[in-house]
Amino acid sequence: MSEKLIVARGLTKTYGDFIAVDGIDFDVAKGESFGFLGPNGAGKSTTMRIIGATSVRTSGTLTILGKDPEVHGPQIRAHLGVVPQQDNLDNELTVSENIFIYGRYFGLSSSFINRKIPELLEFAQLEEKKDTKVEALSGGMKRRLTIARSLVSEPDILMLDEPTTGLDPQARHILWDRLFRLKEQGVTLLITTHYMDEAEQLCDRLIVMDKGKIMAEDSPAQLIKDYSTKEVLEVRFGSDRNQEMVDVLRPLADRIEVLPDRILLYATDGEQLLEQITAKGIHPNTSLVRRSSLEDVFLRLTGRSLVE
Amino acid sequence: MRSNAVELSEGRIGKFGEKYYAGRPQQVLLRNWLSFKSSAWIAVVSGFFEPVLYLLSFGYGIGELVGNISTPGGDISYAAYIAPGLLATSAMNGAMLDSTWNVFFKLNESRLYKAMLATSLGPLDVALGEIAWALMRGGIYATAFTAVIAGLGLVTSWWALLAIPAAIIVAFGFASFGMAITSFMKSHHQMNFFEIFLLPMFLFSGAFYPLTVFPGWAQAIIKALPLRQAIELVTRAMSGEFGINILVNFTYFMVMICVGLFFTTRRLNALFMK
Ligand SMILES: Nc1ncnc2c1ncn2[C@@H]1O[C@H](COP(=O)(O)OP(=O)(O)O)[C@@H](O)[C@H]1O
Ligand SMILES: [Mg+2]
């Protein structure tokens, strides 16, 4: 068992009467890429802020590299690279000034930072933009710069809160590629997301969160194995007929989920199930066989979709 | 040279205010300098000209009507009479520009303090850095203004040089207090409070005429206001009048500085470490 960097037990955060994080337990090991998957409002950002020593937990215990963030906030923050959900780059400064001053906030020497800047600009693919004011960057560039900036202090743990939300598919793929590189270099990653594909791609292990609670915890593959079937057959009959088909289809599949626009049939072999259905003279408007994903796991656990 | 963020922050364990202070307010100043380098200089220059314009128009315009003023130190021109008050006002204005609207923007719109406080900096670093920046502006305005009045022949002794440290104390007080109040402001609407308060304070603090024109109770109120204290501090410093009175003015500003710093730090902590 490798070294545990983060240990949380019964971690709870309330705002007035509202329980944002409800007694969660988890461990993160060194070099691991650990995910928090859940819909908006699940409590992911709140958990990240508590770990980042910028929010005080209401109860429970938390140690990060053996220290309590409530007691040693600045010392813990010195270990962390933080990429918040909303970018907070310094819009009045240029790209390289942003990295420079951020390093200075940590107390790093100018010569050290100036040696790091070219490397970080290359990592973020922003060499050509180094003297551009941040205001003029695209969303994807800003995100990459925020990550590059967070790396200036050579953090032991990099925390990314919804790193690709709001980015177009191309920008997302560039970012995933960058995060893969960090993972390969052995940086411990903490990632929150409500995209199941992101969680599957980036996380070694993850917790599924909903309403402040942990619903399940494991590797993406194991979660899918435990909570779903190998394949899913998606069929559409048009919104008015979906409901009446459910009763006919239910006995044929291992499990069935009805969404507003389609029906999901869970089976080991989706193609075979589709043949069975057509043999009965049932012809959906459209049909699609796919592998099970974390989306299906979430649906199974909560009865709701991840992305509303 | 140590370059490791963790080592640097652990070096402060057990030292003064380790949870709130990393000993690096100068990095906040550096940030403001980087941003200022490429910003609109015109706004900065115009802030300086305001009291100069008052001096020229009132000092020489109205001065023509009122003639010389007799003071304990002898007769002086009206322009020389109002110069210390305008100097105190310019230090106040310079400090308030940065510590109110600019701080409000950084708190609420640009999320700058949020970014700073996600690093190993603490809220006292941010408060001290921002206040130091604001007071530098006030100090620079005051120094330039002193040069202007000296150039116009309105100062008669070397004591006038003391106007500069006096103005820096004034700027420090206003910057510290201004930032503390700003940190509690929730909307642009509430920020207008400063304007509502500052203009009457400027007009009634006796920069242009002696306070004795008012009844006793009004004088007492005015004397409690920070601009009146600032005017007295600067006037006394410039005329070399050292006694219990200037000590009272000085203490007033020391209290203002400490109270402002305390509340700013506490408020930043409450806002960003909740
Ligand atoms: N400062 C706060 N004050 C009151 N409620 C909050 C605050 N921050 C978060 N919440 C509430 O806590 C819940 C969890 O929020 P958050 O952690 O941001 O969720 P997520 O990041 O998973 O979308 C939400 O219902 C949110 O409205
Ligand atoms: Mg969030």
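Residues numbered from 1 in each chain as written. Chains lettered and ligands numbered in written order. Predicted model: local features only at pLDDT ≥ 70, side-chain atom pairs only at ≥ 80, totals over all residues. Heavy atoms only, no water.

Observations concerning the interface of chain B and chain A
Contacts between chain B and chain A engage 35 residues on the former and 36 residues on the latter. With both chains or domains summed, chain B and chain A bury close to 3200 Å², and 54% of this area falls on carbon and sulfur atoms. Taken together, chain B and chain A are joined by twelve residue pairs in polar contact (both at pLDDT 80 or more). Looking at which element gives the most residues to the side of chain B that touches chain A, the answer is helix α2 (residues 25-37) of chain B, with six residues. Looking at the side of chain B that touches chain A, its residues break down into 16 nonpolar, ten polar and nine charged. (Contact = heavy atoms within 4.5 Å. Buried area = accessible area lost by both parts, 1.4 Å probe. Polar contact = N/O pair within 3.5 Å; in protein donor to acceptor, adjacent residues only side chain to side chain. Helix = DSSP H or I, 4+ residues; strand = E, 2+ residues; numbered from the N terminus. Nonpolar A, V, L, I, M, F, W, Y, C, P; charged D, E, K, R; others polar.)

Quick notes on unusual backbone geometry
Residue and element names in this part refer to chain A. The residue Ala53 is not glycine, and still its phi comes out positive at about 60°. Its location among the elements puts Ala53 in the loop between α1 (44-51) and β4 (59-64). Judged by its relative accessible area of 7%, Ala53 is buried. The backbone of Lys211 sits at a positive phi, close to 50°, despite the residue not being glycine. Summarising the element assignment, Lys211 is placed in the loop between β8 (205-210) and β9 (213-218). Judged by relative accessible area, which is 61%, Lys211 ranks as exposed. (Buried < 20%, exposed > 50% of the residue type's maximum accessible area, 1.4 Å probe, protein only.)

Section: α1(A)
Residues and elements named next belong to chain A. The buried fraction of α1 amounts to seven of the eight residues, a majority that puts the element mostly inside the structure. Considered for burial, the residues of α1 that qualify are Lys44, Ser45, Thr46, Thr47, Met48, Ile50 and Ile51. Residue Ala53 follows α1 closely and has a positive phi angle near 60°.

Things to note about the coordination of the magnesium ion (ligand 2)
Residues and elements named next belong to chain A. Every protein donor of the magnesium ion (ligand 2) is accounted for by Ser45 (OG) and Gln85 (OE1), and the metal-donor separations fall at 2.0 to 2.2 Å. In this pair, Ser45 sits in helix α1 while Gln85 sits in the loop between β5 (80-83) and α3 (95-105), placing the two residues 40 residues apart along the sequence. In this structure Ser45 comes out as buried when scored by relative accessible area, which is 15%. (Donors = N, O, S within 2.8 Å, 3.2 Å for Na, K, Ca; no water.)

What to know about the environment of Val134(A)
Residue and element names in this part refer to chain A. Counting through the fold element by element, Val134 comes out in the loop between α4 (110-123) and α5 (139-150). Among the residues examined, Val134 registers a relative accessible area of 0% and is labelled buried. Separated by 149 residues in sequence, Val134 and His283 have C-alpha atoms that sit 54 Å apart.

Read these as spatial facts, not as claims about activity.
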